[in-house]
Amino acid sequence: YYIEYGGQFENQQRAMKRLSIIVPIVIALVFSMLCLTFGSVHHALLIMVNVPLALIGGVFGLFITGEYLSVPAAVGFIALFGIAVQNGVVLVSYIDELKLSGIPLKDAIIKGSLLRLRPVLMTAATTVLGLLPLLISTGMGSEVQRPLAVVVVFGLITSTTLTLFVIPALYEWFELIGNKLVDKYKQSYS
């Protein structure tokens, strides 16, 4: 005798197995694209700090609401990671732009954070407001829509809050480390 699960459970297990392969590949591709875009690994790493910050809120949201990790929730995490990375790109690219225009690093961080506060908040607010009906729905089909909305809404709350505080705080540190590595690289090949 043996037990064999089928139907929806089997489909969910298969989908989760595929996602466990696809998600790390996508995160690696996003990281490499960020490296190419910014021309530095340290800026790409700084932006990728948003991914765990978003993950915290998504997992916490699933725990609070009593939802479980399902395929819709996994899709919600993918969407959440995209929005979190986008917010990081908006913030870091503007700070870089200010720094390249001649503004001192600390002033560029402060000014860039203040000037990009509204776009980052608006991105998060419009997404949360758009998903609010899915979050509070209880009717037919809500078992598919609700986990996705829970992950994105709770994840955006933590990700946006922490993005606005953590990235500016870490920017100078990442910049110093990046400059030291570049100097070390130049010295070794000079």
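Figured I'd write up the structure that's included with this text. (Residues numbered from 1 in each chain as written. Predicted model: local features only at pLDDT ≥ 70, side-chain atom pairs only at ≥ 80, totals over all residues. Heavy atoms only, no water.)

Digging into the packing of helix 4 (residues 71-100) against helix 6 (residues 117-136)
Alright, step 1. In the contact formed by helix 4 and helix 6, the axes pass within 9 Å of each other and the chain directions differ by 165 degrees. It follows from the interaxial angle that helix 4 and helix 6 lie roughly antiparallel. Handedness of the crossing formed by helix 4 with helix 6: right-handed. Residues Ile83, Gln86, Asn87 and Val90 of helix 4 form the contact with helix 6, whose own contacting residues are Pro119, Val120, Thr123 and Thr127.
Alright, step 2. In terms of residue class, the contact of helix 4 with helix 6 is built from four nonpolar, four polar and no charged. (Axes fitted to C-alpha atoms, helices over the stretch in contact; angles between N-to-C directions. Helix = DSSP H or I, 4+ residues; strand = E, 2+ residues; numbered from the N terminus. Parallel < 35°, antiparallel > 145°, perpendicular 65-115°, else oblique. Left-handed = near helix turned anticlockwise from the far one by under 90°. Contact = heavy atoms within 4.5 Å. Nonpolar A, V, L, I, M, F, W, Y, C, P; charged D, E, K, R; others polar.)

Re the pattern of salt bridges
Any two side chains of opposite charge can pair, given that their charged atoms come close.
Alright, step 1. Tallied over the entire structure, the rule returns three salt bridges.
Alright, step 2. Ionic pairing is found between Arg146 and Glu67, a salt bridge with its closest N-O pair at 2.8 Å. One end of the pair, Arg146, is in helix 7 (residues 142-188); the other, Glu67, is in the loop between helix 3 (50-65) and helix 4, with 79 residues separating them in the sequence.
Alright, step 3. For Arg146, a relative accessible area of 23% corresponds to the partly exposed category. (Salt bridge = Lys/Arg side-chain N within 4 Å of Asp/Glu carboxyl O. Buried < 20%, exposed > 50% of the residue type's maximum accessible area, 1.4 Å probe, protein only.)

Quick look at the packing of helix 2 (residues 41-48) against helix 3
For any two helices packed against each other, one specifies the crossing angle of their axes together with the interaxial distance.
Alright, step 1. At a minimum axis separation of 5 Å, helix 2 and helix 3 run at an interaxial angle of 5 degrees. It follows that helix 2 is roughly parallel to helix 3 by the angle criterion. For the pair formed by helix 2 and helix 3, the contact residues are Leu46, Ile47 and Met48 on the first element and Asn50, Val51 and Pro52 on the second.
Alright, step 2. Tallied by class, the residues present in the contact of helix 2 with helix 3 amount to five nonpolar, one polar and no charged.

Overview of helix 5 (residues 105-115)
Alright, step 1. Of all the positions in helix 5, only Ala108, Ile109, Gly112 and Ser113 are classed as buried. Buried residues along helix 5 cover an arc of 120 degrees about the axis, so they all sit on one side. Opposite its buried face, helix 5 presents the exposed residues Lys106, Ile110 and Leu114, each directed more than 90 degrees away. (Arc of directions from axis to C-beta.)

So, the environment of Gly112
Alright, step 1. Mapped onto the fold, Gly112 is located in helix 5.
Alright, step 2. If we ignore the near neighbours within four places in the chain, the residues touching Gly112 are Leu91, Tyr94, Ile95 and Leu98.

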